[in-house]
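# Summary of the model geometry
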Amino acid sequence: MNKTRIETGIITLIKKAETELPKDVITALKHAYEVEEGIAKIQIETILKTVELAKKSGRPMCQDTGTQTFFVRVGNDSPFITTIKKLIIDGVKQATLEIPLRPNTVDPFTGKNHGDNTGDGIPSITWDIYEGNEIQITALPKGGGSENMSKLGMLKPGVGIEGVKKFVVDEMIKAGGNPCPPTVVGIGIGGGADVSMKLAKTALLRPIGKRHQEQIIADIERELIERINKSGIGPMGLGGKTTVLDVHIEKAHRHPASLPVGIAVQCWADRRSTMVIHADGTWEVQ
Amino acid sequence: MEYHLTIPVSSETIKKLHIGDIIYITGNIFTARDEAHKTLLEKEKNTLPFNPSEMALYHCGPLMKKIKNGWQVVSAGPTTSGRMELFEDKFIEKFGVNIIIGKGGMGERTMKALQKYSAVYTTYTGGAGALAAELIEETPMVYWLEEFGMPEAVWIFKVKDFGPLIVAMDAYGKSLYRQPE
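To start, this report covers the structure provided alongside it.

Conventions adopted
- Residues numbered from 1 in each chain as written.
- Chains lettered and ligands numbered in written order.
- Predicted model: local features only at pLDDT ≥ 70, side-chain atom pairs only at ≥ 80, totals over all residues.
- Helix = DSSP H or I, 4+ residues; strand = E, 2+ residues; numbered from the N terminus.
- Rg over C-alpha atoms; globule rule 2.2 N^0.38 Å.
- Buried ≥ 20, exposed ≤ 12 C-beta atoms within 10 Å, placed from the backbone.
- Contact = placed C-beta atoms within 7 Å.
- Nonpolar A, V, L, I, M, F, W, Y, C, P; charged D, E, K, R; others polar.

Our next topic: the overall build of chain A. Looking only at helices and strands, chain A features eight helices and nine strands. Its C-alpha radius of gyration of 19 Å places chain A within 12% of the 19 Å reference for a compact globule of 286 residues. Structurally, chain A occupies a C-alpha span of about 55 × 50 × 40 Å along its principal axes. Residues classed as buried in chain A amount to 47% of the 286 residues present. The long-range fraction of contacts in chain A, counting pairs at least 24 apart against all pairs at least 6 apart in sequence, stands at 78%.

Chain B puts 33 residues into the contact, and the matching count from chain A is 36 residues. For the side of chain B that touches chain A, the elements supplying multiple residues, two or more each, are strand 4 (63-67), strand 5 (70-75), helix 5 (129-134) and strand 9 (154-169) of chain B. Among the residues making up the side of chain B that touches chain A, the classes are represented as 15 nonpolar, 15 polar and three charged.

Here we come to unusual backbone geometry. For the bond from Pro181(A) to Pro182(A), the omega torsion is 10°, close enough to zero to count as cis. Note that Pro182(A) resides in the loop between helix 6 (160-175) and strand 5 (183-191). In this chain, Ile7(B) is followed by Pro8(B) through a cis amide linkage whose omega measures 0°. With respect to the helices and strands, Pro8(B) occurs in the loop between strand 1 (2-6) and helix 1 (11-16). Its identity as a non-glycine residue notwithstanding, Asn117(A) has a phi of 65°, on the positive side. Along the chain, the position of Asn117(A) falls in the loop between helix 4 (84-98) and strand 2 (124-130). What makes Asn117(A) buried here is the crowd of 25 C-beta atoms within 10 Å. Positive phi values are uncommon outside glycine, yet Cys180(A) reaches one of about 60°.

Structure follows, in structure tokens:
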């Protein structure tokens with residue numbers, strides 16, 4: 001009976017992500033505007049103008065409205081535990097028409113666009129379960145240009161953490177202006193190939209400026225920010241001081257023989273929004 | 001230097017442009033991504049429904065909304081140009097396009113074609129789709145929409161003072177992008 005209501009919530013969630021950047025991202029971009037000059041400053045100025053216009057007009061800031069990606073924590077006592085998947089998929093279809101979103105789901109074999117941002121395996125939903133009666137959803141619409149710069153390195157454990165740092169810095173320099181810098185870089189270290197990539201993407205959910213809780217990892221994040229920014233790639237690869245807005249690392253224990261390193265890159269349009277669905281079907285979007 | 005240009009522009013005008021210059025363009029531009037590049041290259045120039053030589057080429061897959069009398073541009077920033085490196089030198093040679101708009105830069109083959117045929121690669125800020133849409137006055141035509149879908153179709157846009165575009169690769173073999181070591 002609450003189906004329509006929750007679906008409206010899902011559309012609101014997606015619209016919020018597509019049209020309004022989180023405060024932490026805007027603060028970081030404004031800081032970049034202060035420190036940059038010349039062509040780099042023009043790039044950040046154009047970015048800030050488009051962010052403002054998107055919010056004011058309710059239009060997606062970037063024409064690449066991304067692959068619809070959700071991280072969902074489901075309370076084991078939520079009455080919507082069995083219906084939430086369908087609600088999200090239906091919400092995506094409706095949001096495509098209403099906001100609107102660019103149809104971004106193409107069959108890899110036939111090249112046919114599904115037309116509604118759904119299809120085999122898409123939207124991408126990562127599930128987690130916890131004890132409670134609410135559902136928390138984070139939307140992270142993911143653009144193709146930055147996604148194309150993702151990397152997986154199955155490094156030899158002998159290279160150590162220094163080797164991990166070198167891999168990340170080298171890959172971000174190779175990516176150059178392609179992922180729409182200044183970017184946010186998510187790094188997953190350990191687990192297996194799949195785990196490290198998933199951790200890398202999950203790391204993008206952390207707000208800009210928030211360091212890892214373990215001091216040793218926080219220090220490595222700071223070092224990587226400095227080293228990548230020293231490359232001079234700058235906004236849009238046209239030269240400048242700001243190549244990354246932040247670097248976030250997450251880790252898992254690794255197999256003794258493996259040192260997987262996943263890199264997920266998010267463009268400056270670090271679009272995120274969150275939603276809570278209560279047991280009575282009411283919801284809030286932030 | 002800053003220039004306000006009306007398309008099409010002559011080779012002499014292109015030769016005045018250097019990396020770091022800022023340009024604003026007025027006239028017609030057409031969008032083409034991977035699929036469109038591939039398809040257009042397979043066709044003869046005189047069989048095309050529009051004349052690419054008289055327009056600027058925009059690496060863009062716009063977000064469009066169908067309205068009563070045509071199409072409304074919702075968001076239309078540039079896409080990553082690097083993907084078109086596979087086709088661009090041949091494209092410049094065959095269709096005589098001399099202003100390319102994209103983001104992220106292009107490779108060695110395109111660089112050589114820019115020099116040989118007097119063309120420039122310019123860049124609009126990636127992700128600034130909502131703002132770019134404001135600079136598009138009309139969408140007179142769309143081609144191959146059914147076959148390619150919205151992002152890959154060829155859209156013709158009439159633009160006014162579209163920019164700031166940064167000349168990032170000029171007709172003299174110079175580039176603003178950091179060269180791979």
